[in-house]
Structure formats: C-alpha cells, structure tokens
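Residues per chain are reported as follows:
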Amino acid sequence: MSPGRKKASTKRSTRVRIDPARLAAYDLLRAVDRDDAYANLVLPPLLRERNISERDAAFATELAYGTLRWQGLYDQILAPLLSRPIVELDSGIIEVLRLGCHQLLKMRVPSHAAVGTSVDLARTVLTAGPIGLINAVLRKVAAESPDELIAAAVESAPGMTRDSALAVRWSHPEWVVTALREALGTDPGNIEGLLESNNQSAAVTIVARPGRGDRDELVRQGAEPTKWSPWGATLRGGSPAEIPAIREGRAAVQDEGSQLVTLAVALAPLAESLAVAPTHRWLDLCAGPGGKASVLAGLAESVGATLTANELHPHRAELVRRALSGASAHHEVVVGDGRSMSWPPGSFDRVLVDAPCTGLGALRRRPEARWRRQPRDVAGLVTLQGELLSAAIDAAAVGGVIGYVTCSPHRAETVGVVSTILQQRSDIEAIDARALLPDVPELGAGPWVQLWPHIHGTDAMFCALLRRTG
Ligand SMILES: C[S@@+](CC[C@H](N)C(=O)[O-])C[C@H]1O[C@@H](n2cnc3c(N)ncnc32)[C@H](O)[C@@H]1O
C-alpha cells in the first residue's frame, strides 16, 4: 500500500447491484494496492472465476489496466477538487475516484453513467460516508473538458520542470521520465512517443519454439508474422491459451524484442579456434521462467550444442524445467546463485546473462510496475548485474561470446554496467550487436542494441555482446 494511505473499509453491501466489470476492476485495484499483486496475473483468473462475459471482461481489463497506468495524472486532476491531501483519503475512495476519472477522461463513457455507476460501486464496496464526496467530485470532473483538465494538471506539476510536466501529462513517475529521456540519448525529442507507447496495451506476441514449433502453423491460425523475428507471430485477438501450439509447448508467449536479442546471442560469431571445437556448451545464467532458454535450446540443438539453464529461485527453476521439458536438445537445469557457481572457469562457449532489472522497458505489459519501482532500487540492481556479468565472463571460454540483456533501457543498468566491466577487465572486447540484426532499423549508435516500443513495437530490450579474448 502507498505510504501514509488509510485502509479501505472491507464492508460490502448487497443493497445495490453493481455491474460485474466495474466490481472486478475495483477488486483488482485493491489487490494491487493492498497485496502488491501483479495485475496481469490476477485479473484473467478473477474474470474467469466470476464467469464474466467476454464483452464485460474486455471493459474490465481496459478500465483496470488503464486506471493503473493513468493514476498519476488522475491524482493530479483530483487533488484541487478535494479538501484533504489525496494520501489522507481512504484508499477505497481513491480507487473509486480514479476508476470514475478513467471512464470520464479516456473511455468515453457518458458522464451520467460514469458518475452513477461510480456512486453505485461506492455504495457496494464502501460505507455510506464518502458517497456524497464521490458524487460531487466526479460531477466536477464530468463538467470540464478532458483537455482542459489535463492541461491544468500539467500546469500544476510539482516544480514545473520539463520532466515533471511530462510525468503528469503521461502519468509516469518523474524519475522514470528522466531515466527514459537519458536513455533515448541522441533522440530525446522522442520521449513523448515512448511515454505514449508505455500507456498502450502491447499486442500478444508468440514465439514458435525453434526445433519444436512452426510459425506457419500460428499464421494459419490467424496470427500475423512479426516483422523481424523468424519465429514470431502476433495474435490478432483471442487468448493465447486457445492456441494448440501453446497448449502443447511448441510455442509460448514472448515479446519480439526478447526473440531478437536471443537470436543475436545465439548467432554472434565465436573465435575461429572455438568455432571448430567438437562440442559446444551454452549457458543461460539467469534463466527463470525459461522463455529465452526454451528458444536457446532449439538453437543449441541445431548446432549440436548442449544448454545449461541456471536460476537462483527453485520455484522459477521449476518453470524453466517445464519450459524445456519438450526440448530435444541435451539440457540441464540447475539452481544456484549465478555469481558463485562451481563450474570450472571457461566451461561454456556461449553465455546469456538476462539480468534481473528494474523492468522499465516492459511498462506496457505491467500496468502497475512504474509506481512500484523506486529510484533507490537501481543501485542494488546495478551491483548485482555487474557481478553476474563478471561471473558470466569467467564462465566463458577464450573466444566465447557473452550476451548481456536487460528489459530495462535505464543507462545505469545497460551502458553503465557494460562500460564498467570493459574498464575493469582486459580479457573482453565488445562485438557490434547491431550486425546480428541487420534488418532491424534504428538500433542506436552501437555497439549495443537498444530496442524501443515506440520505434520497434517491442519491449525496450537492451543487448550487449562481448567476446572473451584472454
Ligand atoms: C529477467 S529474468 C530472466 C528471464 C528469462 N531469461 C526468460 O527469458 O524467461 C532474471 C532472472 O534472474 C534470476 N536471478 C536473480 N538473481 C540471480 C542470481 N544471483 N543468480 C541467478 N539468477 C538470478 C531471477 O530470479 C529471474 O528469474
């Protein structure tokens, strides 16, 4: 729960019949706030359990995810309409107000319906006390034009800096705006395009697992081939669970950016001395839940390599085992801290470090994530990332390739980690990762690859390729 916030009343009245979509959206917001739940894990089963129709489920999903994304803007709009600071309000009241704002400002729900159903929702989930307040505040929101409300909120941005104004306008924490603007580097003018992309739902992209699946099968079932990944297809609608190839483990949900960086790591040239070796061993150092490992396994098999997939947490290692269960490549799944594994130095000729990170590159997929991460998280992650990358280099044979990947574009986690290791160690060199993805445009100044939602339609994945030289 946000610090200083009051607890919501749990009393639930049955006097008013509230529509199931709005109630589900409210319950999801409460679970995210109170239990630190992940919205995209909680909402689909919640909708299924309640037998909510397909149409209502779509409405509930847009309402809940949209409200979570835009809550920063809505709080700024609501603040002058309230007599107390927003953090002093009962959190249930705030959620009902935010849900009402999203319907009024972004979903084109008619004013009388948005206000009326919010009051009904409050009657169902709260005590009678705040109903007058909710009615009065939402009527004021409904009386103004959305553009004027947003403009006034932006003008009242704290500190009135460029980033604070963007933070309010596009509903991101200010430190995230600053980090993304810095990551865009030579193209900071594009920041609004990126922030806008982060507020849109990402299409569901699938990977036909190399060696097991067939993209043509997905396309025959109506999916659209991805632009650059040879195994990817994007769903035009429906649920991935309905696709036989997914149910049978031949395909899985995976962003095209993840597919592309995995391809780059798998195809980066080894030094000639190593390339001609009779056996090849690949390592995925941070493998859970196994998305990239299952792609790597197929690619490893095609060149006669074996795959070791390591993961710190046993429950996530179990997910890796499941992801690899149908893979024909010789593979093993091990559980341990990637910084202190017992394999002899130089054991592997290809090592992937898909490092734990802030996840700021996948904000489209995790509606609440931007509010949960804190700037103080970055330093600890950077230390861990540097240690994992160093261990990966130790595990790589001379002439071998190390791929460092994050689903964050934050410069401290990307260029910062890689530049530091290049300064610290004289036994590695950078490979131009862009050359491994020759058809993909606008990958940055190199030698790293940085993908972007607003340019490539992928998560903002970063990939650096290093070769062990000594
Ligand atoms: C970004 S995720 C990897 C995603 C995975 N490669 C995939 O594509 O499905 C990072 C993983 O690293 C694991 N991890 C965190 N600290 C670790 C450590 N010290 N050693 C090994 N794995 C670690 C996390 O539990 C998490 O599963």
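No experiment lies behind these values; they were computed from the predicted model shown.

In terms of regular secondary structure, the protein chain is built from 20 helices and twelve strands. Taken against the 2.2 N^0.38 rule, which gives 23 Å for 470 residues, the C-alpha radius of gyration of the protein chain at 24 Å falls within 12% of a compact globule. Along the three orthogonal principal directions, the C-alpha set of the protein chain runs to about 75 × 50 × 40 Å. Burial statistics for the protein chain: of 470 residues in total, 55% are counted as buried. A sequence separation of at least 24 residues applies to 72% of the contacts in the protein chain between residues at least 6 apart. By element, 52% of the accessible surface of the protein chain is carried by carbon and sulfur atoms, the whole surface being about 20100 Å². Put simply, the protein chain has 51 plus and 52 minus side-chain charges, and the middle of one group is 6 Å from the middle of the other.

On to the site of the ligand. As a matter of local geometry, the ligand sits amid 22 residues, with Gly291, Glu311, Arg316, Gly338 and Asp354 nearest to it. Within the backbone of Pro289, one N or O atom sits 3.5 Å away from an oxygen atom of the ligand. Backbone polar atom of Gly291 to an oxygen atom of the ligand: 2.8 Å apart, as the coordinates give it. In the complex, the protein chains occlude 88% of the 610 Å² of accessible area that the ligand would expose alone. The set of elements that each furnish at least two residues to the shell around the ligand consists of α15 (291-302), β6 (305-311) and α18 (376-395). Here the shell around the ligand is composed, by residue class, of nine nonpolar, seven polar and six charged.

Another point: the domain arrangement of the protein chain. Here the protein chain is partitioned into domain 1 (20-154), domain 2 (157-198), domain 3 (205-253) and domain 4 (256-468). Once you take the C-alpha centre of each, domain 1 and domain 3 turn out to be 35 Å apart.

Attention shifts here to the packing of aromatic side chains. What the rule picks out here adds up to four aromatic pairs. Geometrically, the ring pair formed by Trp448 and Phe462 is tilted, given 6.5 Å between the ring centres and 50° between the ring planes. With Trp448 in the loop between β10 (428-431) and β11 (449-450) and Phe462 in strand β12 (residues 462-468), this pair connects stretches of sequence that are 14 residues apart. The exposure class assigned to Phe462 is buried, which follows from its relative accessible area of 1%. Among the aromatic residues, those joined into a cluster by ring pairs are Tyr404, Trp448 and Phe462. Here Lys106 stacks its cationic end above the ring of Trp70, 3.7 Å away from the centre of that ring. Here the guanidinium or amino end of Arg372 rests over the ring plane of Tyr38, the centre of that ring lying 5.7 Å away.

What follows concerns empty space enclosed by the protein. By the definition in use, this model includes one cavity of 30 Å³ or more. Of the volumes computed, that of the largest cavity is approximately 30 Å³. Taken together, Val265, Trp282, Leu283, Leu296, Leu307, Arg350, Val351 and Leu352 form the lining of the largest cavity. Every element with two or more residues in the lining of the largest cavity is listed here: β5 (280-284) and β8 (348-354). Among the residues making up the lining of the largest cavity, the classes are represented as seven nonpolar, no polar and one charged.

Bringing the environment of Pro158 into the picture now. By the element assignment, Pro158 lies in the loop between α7 (146-155) and α8 (162-169). Relative accessible area serves as the criterion here: at 52%, Pro158 is assigned to the exposed category. Sequence separation between Pro158 and Gly400 is 242 residues; the distance between their C-alpha atoms is 50 Å. Every residue in contact with Pro158, bar those within four places of it in the chain, is listed here: Gln76, Ser164 and Val168.

Here Ser91 lies in helix α4 (residues 91-105). Residue Ser91 is classed as buried on the basis of its relative accessible area, which comes to 0%. Ser91 sits 58 residues away from Asp33 along the chain, and the two C-alpha atoms are 8.4 Å apart.

Attention now goes to the confidence of the model for the protein chain. For the protein chain, per-residue confidence averages 94 on the pLDDT scale, and residues scoring 70 or more make up 96% of the total. Scored below 50 in pLDDT, residues 1-10 makes 28 contacts in the model with residues more than four places away or belonging to other chains.

What follows is about unusual backbone geometry. With omega at 5°, the peptide bond leading from Gly288 into Pro289 counts as cis. With respect to the secondary-structure elements, Pro289 resides in the loop between β5 and α15. Looking along the chain, the bond that leaves Gly446 and enters Pro447 is cis, with omega of -5°. Here the phi dihedral of Arg108 falls at roughly 55°; this positive angle occurs in a residue that is not glycine. Examined against the element boundaries, Arg108 turns out to sit in the loop between α4 and α5 (111-125). Of note in this structure, Glu442 is not a glycine but carries a positive phi near 50°. Structurally, Glu442 is set in the loop between β10 and β11.

To continue, consider the sheet that holds strand β3 (residues 232-234). Ordered in space as β2-β3-β1-β4, the four strands form an open sheet in which the pairing is antiparallel. Two strands bound the open sheet, and with one partner strand each, they are β2 (224-225) and β4 (251-253). Pairing of β2 with β3, which is carried by two bridges, proceeds in the antiparallel orientation. Directly across from Glu224, in β3, lies its bridge partner Thr234.

All told, the structure shown has 27 salt bridges when counted by the stated rule. Put simply, Asp394 and Arg425 hold a salt bridge, and the shortest N to O gap is 2.8 Å. Of this pair, Asp394 sits in helix α18 while Arg425 sits in the loop between α19 (412-424) and β10; the two residues are 31 residues apart in sequence, bridging distant segments of the chain. For Asp394, a relative accessible area of 36% gives the class partly exposed. Notably, a salt bridge pairs Glu429 with Arg467, separated by 2.8 Å at the nearest N-O pair. With Glu429 in strand β10 and Arg467 in strand β12, this pair connects stretches of sequence that are 38 residues apart.

Looking at chain direction, β6 and strand β7 (residues 331-335) are connected through five bridges and run parallel. The residue bridging Thr308 from the neighbouring strand is Glu332, located in β7. Taking the sense of rotation as the criterion, the β-α-β connection linking β6, helix α16 (residues 314-324) and β7 turns out right-handed.

Rules and cut-offs
The written sequence of each chain sets the order in which its residues are numbered from 1. In keeping with the predicted nature of the model, local features appear solely for residues at pLDDT of at least 70, side-chain atom pairs appear and are counted solely at 80 or more, and the whole-chain, interface and lining totals rest on all residues. For the side-chain quantities, the full set of heavy atoms in the structure was used; hydrogens and water were omitted. We count a stretch as a helix when DSSP gives it H or I for four or more residues in a row; a strand needs E for two or more, and each element gets its number in order from the N terminus. Here the radius of gyration uses the C-alpha set of atoms, whereas the globule reference equals 2.2 Å times the residue count to the power 0.38. Buried residues are those whose accessible area, probed at 1.4 Å on protein chains only, stays under 20% of the maximum for their type, while exposed residues exceed 50% and partly exposed ones sit between those limits. Contacts between residues were defined by any pair of non-hydrogen atoms, one from each residue, lying within 4.5 Å. In these tables, accessible area is a Shrake-Rupley quantity obtained with a 1.4 Å probe, and a residue counts as shielded only by the protein chains included in the view. The charged-residue count follows a simple rule in which Lys and Arg add positive charge and Asp and Glu add negative charge, with His and chain termini not counted at all. A single reference atom marks each charge: NZ on Lys, CZ on Arg, CG on Asp, CD on Glu. When we say a residue is near a molecule or strand, we mean one of its heavy atoms is within 4 Å of it. Pairs of N or O atoms within 3.5 Å make up the polar contacts considered here, provided that, within protein, one atom can donate a hydrogen while the other can accept it, and that residues adjacent in sequence are counted only when both atoms are side-chain atoms. Each residue gets one label: Ala, Val, Leu, Ile, Met, Phe, Trp, Tyr, Cys and Pro are nonpolar, Asp, Glu, Lys and Arg are charged, and the others, such as Gly, are polar. In this entry, domain limits derive from an automatic or database-based domain assignment. Aromatic contacts are taken between Phe, Tyr and Trp rings whose centres are within 6.5 Å, Trp giving its six-membered ring; a plane angle under 30 degrees counts as stacked, one over 60 as edge-to-face, and the others as tilted. Think of it as a cone above the ring: NZ of Lys or CZ of Arg counts as a charge over the ring if it is within 6 Å of the ring centre and within 35 degrees of the ring normal. As defined here, a cavity is a set of points on a 1 Å grid over the protein atoms alone where a 1.4 Å probe fits but cannot get out. A pocket is an open set with protein on both sides within 12 Å along at least five of seven lines, and residues line them when an atom is within 4 Å of a point. Grid points are joined across faces, edges and corners, and a volume is the space filled by probe spheres set on the points. Confidence of the prediction at every residue is given by pLDDT, a number between 0 and 100. Here, strands pair whenever DSSP counts at least two bridges between them. Throughout this description, the term salt bridge denotes a Lys or Arg side-chain nitrogen within 4 Å of a carboxyl oxygen of Asp or Glu. Here, the term right-handed applies to a crossover whose path from the first strand over the helix to the second runs clockwise when the strands point away from the viewer.

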